[in-house]
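Here is how the chains run, residue by residue.
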Amino acid sequence: MTSFNFKTSTEVISKASTEHLYDALLEQLKKDFQLANIDFVTSPTITPEVLVIVLQERLYLLLLEEFDAFLNLLYVVDVPEKSFEVAKAVDAFEASQQAAFLILKRELKKVWYKRRYS
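Residues numbered from 1 in each chain as written. Predicted model: local features only at pLDDT ≥ 70, side-chain atom pairs only at ≥ 80, totals over all residues. Heavy atoms only, no water.

### So, the overall build of the protein
- Counting its regular elements, the protein contains 6 helices and 0 strands.
- What you see for the protein is a C-alpha radius of gyration of 13 Å, in line with the 13 Å of a compact globule of 118 residues.
- Its C-alpha atoms give the protein principal-axis dimensions of roughly 35 × 30 × 25 Å.
- Considering only contacts within the protein whose residues lie at least 6 apart along the sequence, 68% involve residues at least 24 apart.
- Summed over all atoms, the accessible surface of the protein reaches about 7100 Å², with 54% contributed by carbon and sulfur.
- Side chains of the protein give 14 positive and 17 negative charges; the mean places of these two sets differ by 10 Å. (Helix = DSSP H or I, 4+ residues; strand = E, 2+ residues; numbered from the N terminus. Rg over C-alpha atoms; globule rule 2.2 N^0.38 Å. Contact = heavy atoms within 4.5 Å. Areas by Shrake-Rupley, 256 points an atom, 1.4 Å probe, with all protein chains shown as cover. Lys, Arg positive; Asp, Glu negative; His and termini not counted. Charge placed at Lys NZ, Arg CZ, Asp CG, Glu CD.)

### With respect to the environment of L51
- Within the secondary structure, L51 is located in helix 3 (residues 48-65).
- The class of L51 is buried, set by a relative accessible area of 0%.
- It is 9.9 Å that separates the C-alpha atoms of L51 and S9, two residues lying 42 residues apart in sequence.
- Not counting the four nearest positions on each side in its chain, L51 is found in contact with I13, Y22, L26, L29, F40, T42 and I46. (Buried < 20%, exposed > 50% of the residue type's maximum accessible area, 1.4 Å probe, protein only.)

### Here we look at the pattern of salt bridges
- The tally for this structure, following the rule as stated, stands at 5 salt bridges.
- Between K15 and E19 there is a salt bridge, with its nearest N and O atoms 3.2 Å apart.
- When its relative accessible area of 23% is taken as the criterion, K15 is described as partly exposed.
- The class for E19 is buried, based on a relative accessible area of 17%.
- The salt bridge involving D78 is made with R106; its shortest N-O contact spans 3.1 Å. Separated by 28 residues along the polypeptide, D78 in the loop between helix 4 (67-77) and helix 5 (81-85) and R106 in helix 6 (residues 92-117) bring together distant segments of the chain.
- On the basis of relative accessible area, D78 is assigned to the partly exposed category, the value being 42%.
- Connected through salt bridges with shared partners, the residues K15, E19 and R115 form a single ionic network. (Salt bridge = Lys/Arg side-chain N within 4 Å of Asp/Glu carboxyl O.)

### Thoughts on the layout of surface pockets
- Looking at the largest pocket, its volume works out to about 200 Å³.
- Forming the walls of the largest pocket are 13 residues, and the residues nearest its centre are L26, E27, K30, T42 and S43.
- Each residue belonging to the lining of the largest pocket can be placed in one class, and the counts come to 6 nonpolar, 3 polar and 4 charged.
- Computed from the structure, the second largest pocket encloses a volume of approximately 160 Å³. (1 Å grid on protein atoms, 1.4 Å probe; cavity = no way out; pocket = protein on both sides within 12 Å on 5 of 7 lines; lining within 4 Å. Points joined across faces, edges and corners; volume = space filled by probe spheres on them. Nonpolar A, V, L, I, M, F, W, Y, C, P; charged D, E, K, R; others polar.)

### What to know about the side chain of S9
- Here S9 shows up in helix 1 (residues 9-18).
- Within polar-contact distance, the side chain of S9 engages the backbone nitrogen of F101 at 3.5 Å.
- Not counting chain neighbours up to four residues away, the residues in contact with S9 comprise V52, Q97, A100, F101 and L104. (Polar contact = N/O pair within 3.5 Å; in protein donor to acceptor, adjacent residues only side chain to side chain.)

In short, geometric facts, not functional conclusions.
If you want it as structure tokens, here you go:
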């Protein structure tokens, strides 16, 4: 079984790439953002580094301008509320980084399990 004990978003993306799940991860992100009625535009050619930055920027704007939509996204992605409360974010920027990490981690779990058990 694969371990999901990551410390950074970069580690999550790296694992997705080594498991050949990066494209599936992008699709899952797109799907969940659509389910939450939030615009999130990515490209199949987006690099992992740019993906993390774009995701963090989008979450930062949601935190500042559309907090209810942000919470809805966490619900749709199925990020446990407890894991986000543990985050000791001081400001919206740090909170967006933590949220991006938790979202990427959860989305990787989804696509990994889907591939493994379907």
